[in-house]
Amino acid sequence: MVTDPGNRVIEPYVETDNSAEARKAVSDGIINIHTVTSNRFWQFAALFGIMFVLGLIGFVMRLSSGFDDKAAWGYYVALFAFLMTTSSAAPMVAIAPRIANSHWRRPISRAAEIWTLAGCLNLLIYIPLIWLLPSLENGRRSLWFYSDNNAQNMDSCWFFCWGGGVPAYSPHIWATLAILGLIVLGFALLWLSILPDMAVLRDHGDGWQKKWGRKLALGWRGTSAQWNWQYHRMGVVGAFYFMMLVFVHFFISVEFLMVHVPGWIDSLYPITHAHNALQGGVATVMLTMFFLRKFGGYKDYIGLDQFWGLGKLLLALSLLWFWFWFSSFMVLWYGKKPSEQAVLELLVKGPYLYLFITIFLLVFILPWFTMIWNPVRRSVWGPPILAASILVGTLLDRIRLYVGAWDVAEKSNMMKSMLHMEMEEVPGTIPSLGYTDAFVIVGFISGSVLIFMLATRLIPAINIWERKEMLLYKAEVQFHRTKVMVMGKPR
Amino acid sequence: MQEHTQLSHKQINDDLLRDILTVPKWWLPAVAFLSLIVLTGLGAFFFMMYHGLGVTGLNRPVMWGFFIANFVFWIGISHAGIMISAILRLTQAEWRRPITRAAEVMTVFSLIAALHTPLMHVGRPWRVLYWIFPYDFSRGIWPNIRSPFVWDPSAVGTYLIASSLFVFVCLIPDLAILRDRVKNPIGKKIYSQLALGFRGTPRQWKLQIIAGILLSALVLPVFVSVHSIVSWDFAVLIGVEGWRSTIFAPYFIIGAIHSGVSAVAMLMALSVWLYGLDKYIKPDHFDAIARLLIVVATTWFFFFFLEWVYALYTLESPEIALRELQAFEWPYGPLFAIFVITSFVIPVPMWLFKRVRRSAALMFWTTILVNIGMWLERFLIVIPGLLRRTHMTFDWGTYHPSIIEILIVVETFAFVCLGMLLFAKVLPLIPLFDIKEGMVNRRLIKVGRRVVPATIREGLPHHYYENKH
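All of these numbers come straight from a predicted model, not from anything done at the bench.

Undergrad: Would you take a moment to explain the overall build of chain B for this structure?
TA: For chain B, the count of helices and strands is 17 helices and 2 strands. A globule of 469 residues ought to have a C-alpha radius of gyration of about 23 Å, and chain B, at 24 Å, matches this closely. Oriented by its inertia axes, the alpha-carbon framework of chain B measures out at about 75 × 55 × 50 Å. Within chain B, the proportion of its 469 residues that are buried is 45%. In chain B, of all internal contacts separated by at least 6 residues, the share reaching a separation of at least 24 is 79%.

What follows is the structure in structure tokens.
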């Protein structure tokens, strides 16, 4: 006889409903939704497709304008940073809760992982930027401590200068490798995650989906060895994805942002950029979840538990946004160094002041002061609205920083201002948004959404095997006068 | 897998109150020894107060020495309580249950230890009041709110009050048990007063749980603000190379979590050895805290890397000269090597092995190493930074701590240990009600031939999970 601490007799084991019928019901339920494509889906896909074509036209126009005028590329770089901050960071919503063994992630982890496919577009956008990055020979300040120039004090820079320094194109090499690495890891993560579901499609799907499943499942039979292999590989790839994400944001924030603004030395900013990515990634998945529930037919799978779990994360990340921003701002502002005051004048107090106030409201004030209220956080509509607010705020923030930085990159005498870390002049206005930039921004954001939408036709948007795994660990038991949920903690 | 040992309420009461209701043999000698060290430290303090700060090794330009390094170290340790207790409570991590109380209590004692080093450092501690309170209205003398001297006491004081309240709220159900079990009439009276009439009614439990969660959420911003403010004591000083860095606030906080969580792991091992609590603190708990430490230590190392990279990025000769002093010159170079090796290079690779993570002894020694390293980190920030303060070129003094400073620093360690021992004598170091709640919530699920531990899910009412909305 097994008793609880109060000496009441309890059943030794909680019964879970892991019958073959229950498992089949999960597979059938998701496959039935997955295999049906509504007309409305194709209408939206066509709309996003048209906008993507406009984006490609804008892309060609931007390329044809040449690489000499850096200020003209500001909005383009801002878009690149925005997509890296959102679609590339979305898989973290699958990785982190999986490591923390949070069950609420199960219905949304696949949607988060599918966003890695949009990385192809990020790579396409990145390629022209390689030609825009100044090499170290240009006299720019760099983390790579290029020693083959006349910079004062270079000889004292012992850390990297032993043995003749580094190649002049080091930033280009490392940034490219990091971005490529992130995309490859994202694809590997997605493939590892879909293996068991592809086997389900192979065994239960029809027509081309069966073929597609056979090709990608690679002989998956669900043996213990295969499950162990998949579980461990997913853990390792997920951990590397996170580390690579942090490094990619380190490179982007340094090479595409800070080195272009003389006087901007902010050791915290790479981490702030990575944090912005986590916030943007969570907001992206939150909106994705909302649309999958509302229009994708997954209402029975994506529930309040998911919105609540992700909402709490978004609330914490919004507060952290303020803390990171304030930690940098406070030190730069308090120091009153003229070079740093000029940076604040450019990015916060000067031409971008109203934009900054809007961003502050959208990314921090609005999410924090509304989601702290339980009825908003514990709802299906509240967190997605605030996620939209955060995404708009993040896009504006990328515009504020990248357009501002690339605007001064050419106006200052690069050699002189970079070495002495002083901005020669702070522009009084924001560069206007041309139709080329508008095409690129709208087009490539639509392109990312289109890739996501099309991918959900090939890959089930809800993770079948994780839902089935939940059957093993979830049970309902009587507890005094009420029923409660019991969750297994397998690892 | 969380090992599943079902214990009765009576057994939990007996085990966890045993050392309160009886006196272990080692307790009195240990308390006497620690009291002696504390008294010696206080004697050194009074000696310093009588003779002035000249008896310390402080000089120009090293105005901050052991005292301030020690202050930052103890503020760091104090972050353990909130990290372990508040964050793990909010995230409903089951493994938190046996270690929350010890972590919270360590927060309170380490904050007191932290506070009294700068008080001693000022030479005439009563004058601290002038920094905080307006003392002469007629002459219009007001505290300078732009000064870290006002920020620090405000932040640390708020944190101390919030942490003490947090400990007290979480103690109420256990105080009620002690009230009912203690036979000494004076003790009974004291516990009765402190238990605030707690009888375990559903309403009282509800209020107690809500208060715990609310305090967890409210104390988190305070926790972040305290070490941010301590870091800004350094970061706002434009005249000291190496200190003025925007990363300092998060870098100090993650460093604090690294040393604080390590201190909790040490405390867990000591609780197992001294109080025989191995039925409650199991290899699983060490494993969980070690996994947390791997993440924290790696994040801390990345911040450390960024701090150094950006210092070199400035390419300013004073900054680079400071880094050379910290890393290569005697005596700071060897200390720097010890700091990096003990706080990251040795412990983190060791924690990657399951055998190390599940061993109380190995966790104890590796976390000791972390704290040696983290103390040195604070020392290496404070002293070489001030030594390189080039504006005062007329005085190139160096710094050697005097015996007085060493005694006072040792006193802070003895004070925290003594405080913990005295606390454990009158109140349980493991929260009884939390352990019982964990036992009540525990279930088992059979998956094939494996038995998986399970727990009743707290949070939303059950009907929310059925998507009937």
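Still to come is the rest of the account.
Undergrad: What should I look at first to understand the nonpolar core in this one?
TA: The nonpolar side chains of soluble globular proteins are, as a tendency, buried together. Counting residues in each nonpolar core, the largest one holds 265 residues, and the members touching the most others are Leu 79 of chain A together with Val 261 and Val 264 of chain B. Look past the residues within four positions of Val 261 of chain B in its chain and what remains in contact with it is Ala 80, Met 83, Ile 84, Ile 289, Leu 292, Leu 293 and Val 296 of chain B. Judged by nonpolar contacts, the second largest core, of 9 residues, contains Val 14 and Tyr 473 of chain A together with Ile 445 and Ala 454 of chain B.

Undergrad: Is there a simple way to think about unusual backbone geometry in this case?
TA: The phi angle of most residues is negative, glycine excepted, and most peptide bonds adopt the trans form. Cis geometry is found at the peptide bond from Arg 60 of chain B to Pro 61 of chain B, where omega equals 5°. The residue Pro 61 of chain B is located in the loop between helix H2 (27–51) and helix H3 (66–90) in this model. Put simply, Trp 330 of chain B and Pro 331 of chain B share a cis peptide bond, and its omega is 0°. Locating Pro 331 of chain B in the fold gives a position in the loop between helix H11 (317–328) and helix H12 (332–345). The residue Asn 101 of chain A is not glycine, and still its phi comes out positive at about 60°. On the basis of neighbour counts, which here come to 14 C-beta atoms within 10 Å, the residue Asn 101 of chain A falls in the partly exposed class. Even without a glycine there, the phi angle at Leu 218 of chain A is positive, about 50°.

Undergrad: How do you make sense of the pairing of strand S4 (residues 482–488) of chain A when you look at a structure like this?
TA: Strand direction decides the pairing type here: strand S3 (residues 474–479) of chain A and S4 of chain A, joined by 6 bridges, are antiparallel. Of the residues in S4 of chain A, the one forming a bridge with Ala 475 of chain A is Val 486 of chain A. From the end of S3 of chain A to the start of S4 of chain A, which pair antiparallel, there are 2 residues, and His 480 of chain A there has a positive phi angle of about 55°. Pairing geometry for S4 of chain A and strand S2 (residues 450–456) of chain B, over 3 bridges, is antiparallel. Within S2 of chain B, the residue paired with Val 486 of chain A across the bridge is Ile 456 of chain B.

Undergrad: It is not clear to me how helix H2 (residues 39–64) of chain A should be interpreted in this structure. Could you clarify?
TA: Structural remark: α-helix, 3.6 residues per turn; residues separated by three or four positions point the same way. Residue and element names in this part refer to chain A. The end-to-end C-alpha separation of H2 is 38 Å, in line with the 38 Å expected for 26 residues at 1.5 Å each. Of all the residues in H2, the buried ones are Phe 48, Phe 52, Gly 55, Gly 58, Phe 59 and Arg 62. If you follow the buried residues of H2, they end up packed against helix H3 (74–86) and helix H18 (435–458). Gly 66 occupies a position one or two residues after H2 and carries a positive phi of about 90°.

Undergrad: Help me out: how do you make sense of the environment of Gly 219 of chain A in this one?
TA: Within the secondary structure, Gly 219 of chain A is located in the loop between helix H9 (207–217) and helix H10 (224–255). Put simply, Gly 219 of chain A and Met 198 of chain A are 21 residues apart on the chain and 9.9 Å apart in space, counted from C-alpha to C-alpha.

Undergrad: Please clarify how helix H1 (residues 20–35) of chain A should be interpreted in this entry.
TA: Residues and elements named next belong to chain A. For H1, with 16 residues, the first-to-last C-alpha span of 22 Å sits near the 22 Å given by 1.5 Å per residue. Within H1 the residues assigned to the buried category are Val 26, Ile 30 and His 34. Summarising the axial view, the buried residues of H1 lie within an arc of 55°, below the 170-degree limit, and thus occupy one face. Turned more than 90 degrees away from the buried face of H1, the exposed residues are Ala 20, Glu 21, Lys 24 and Asn 32. Against helix H19 (464–473) lie the buried residues of H1.

Undergrad: Would you mind showing me how to read the packing of H12 of chain B against helix H15 (residues 360–387) of chain B here?
TA: All names here are of chain B. Running from N to C, H12 and H15 cross one another at 140°; their axes reach a closest spacing of 8 Å. When you trace H12 past H15, the crossing you get is left-handed. Across from Tyr 332, Leu 335, Phe 336, Ile 338, Phe 339, Thr 342 and Ser 343 in H12, the residues of H15 making contact are Leu 369, Val 370, Ile 372, Gly 373, Met 374, Leu 376, Glu 377, Leu 380 and Pro 384. A breakdown of the residues in the contact of H12 with H15 according to their chemical character gives 12 nonpolar, 3 polar and 1 charged.

Undergrad: Would you explain the sheet that holds S4 of chain A in this entry?
TA: For sheets, the rule is that strands pair by backbone hydrogen bonds, running either parallel or antiparallel. Taken in spatial order, the 4 strands of this open sheet run S3(A)-S4(A)-S2(B)-S1(B), and their pairing is antiparallel. Where the open sheet ends on each side, the last strands, each with one partner, are S3 of chain A together with strand S1 (442–447) of chain B. Between one strand and the next, the sheet's axes are offset by a mean angle of 40°, whatever the strand orientation.

Undergrad: Is there a simple way to explain the confidence of the model for chain A in this structure?
TA: Any segment with low pLDDT has predicted coordinates that should not be analysed in fine detail. Across chain A, the average pLDDT comes to 87, with 89% of residues at 70 or higher. Across residues 149–156 of chain A, where pLDDT falls below 50, the model places 14 contacts with residues more than four positions away in sequence or in other chains.

Undergrad: Help me understand the packing of H3 of chain B against helix H8 (residues 202–235) of chain B, please; the structure alone is not making it clear to me.
TA: Packed helix pairs are characterised by how far apart their axes lie and by the angle those axes make with each other. Residues and elements named next belong to chain B. Remark: H3 packs on H8, axes separated minimally by 9 Å, with the N-to-C direction vectors making an angle of 150°. When the axis of H3 is compared with that of H8, the two are roughly antiparallel. When you trace H3 past H8, the crossing you get is left-handed. Taking contact as the criterion, the partners of Val 72, Ile 75, His 79, Ile 82, Ala 86, Arg 89 and Leu 90 in H3 are, on H8, Gly 212, Ser 216, Ala 217, Val 219, Leu 220, Phe 223, Val 226, His 227 and Val 230. Looking at side-chain class alone, the contact of H3 with H8 contains 11 nonpolar, 4 polar and 1 charged residues.

Undergrad: Sorry if this is basic, but what is going on with the environment of Leu 322 of chain B here?
TA: Residues and elements named next belong to chain B. By the secondary structure assignment, Leu 322 is in helix H11. With 22 C-beta atoms counted inside 10 Å, the residue Leu 322 sits in the buried group. Discounting chain neighbours no more than four positions away, the residues touching Leu 322 are Glu 241, Gly 242, Pro 384, Gly 385 and Arg 388.

Rules used in this analysis
- Residues numbered from 1 in each chain as written.
- Chains lettered and ligands numbered in written order.
- Predicted model: local features only at pLDDT ≥ 70, side-chain atom pairs only at ≥ 80, totals over all residues.
- Helix = DSSP H or I, 4+ residues; strand = E, 2+ residues; numbered from the N terminus.
- Rg over C-alpha atoms; globule rule 2.2 N^0.38 Å.
- Buried ≥ 20, exposed ≤ 12 C-beta atoms within 10 Å, placed from the backbone.
- Contact = placed C-beta atoms within 7 Å.
- Core = buried A, V, L, I, M, F, W, Y, C linked by C-beta atoms within 7 Å.
- Pairing = 2+ DSSP bridges.
- Expected span 1.5 Å × (residues − 1).
- Arc of directions from axis to C-beta.
- Axes fitted to C-alpha atoms, helices over the stretch in contact; angles between N-to-C directions.
- Left-handed = near helix turned anticlockwise from the far one by under 90°.
- Nonpolar A, V, L, I, M, F, W, Y, C, P; charged D, E, K, R; others polar.
- pLDDT = per-residue confidence, 0-100.
- Parallel < 35°, antiparallel > 145°, perpendicular 65-115°, else oblique.

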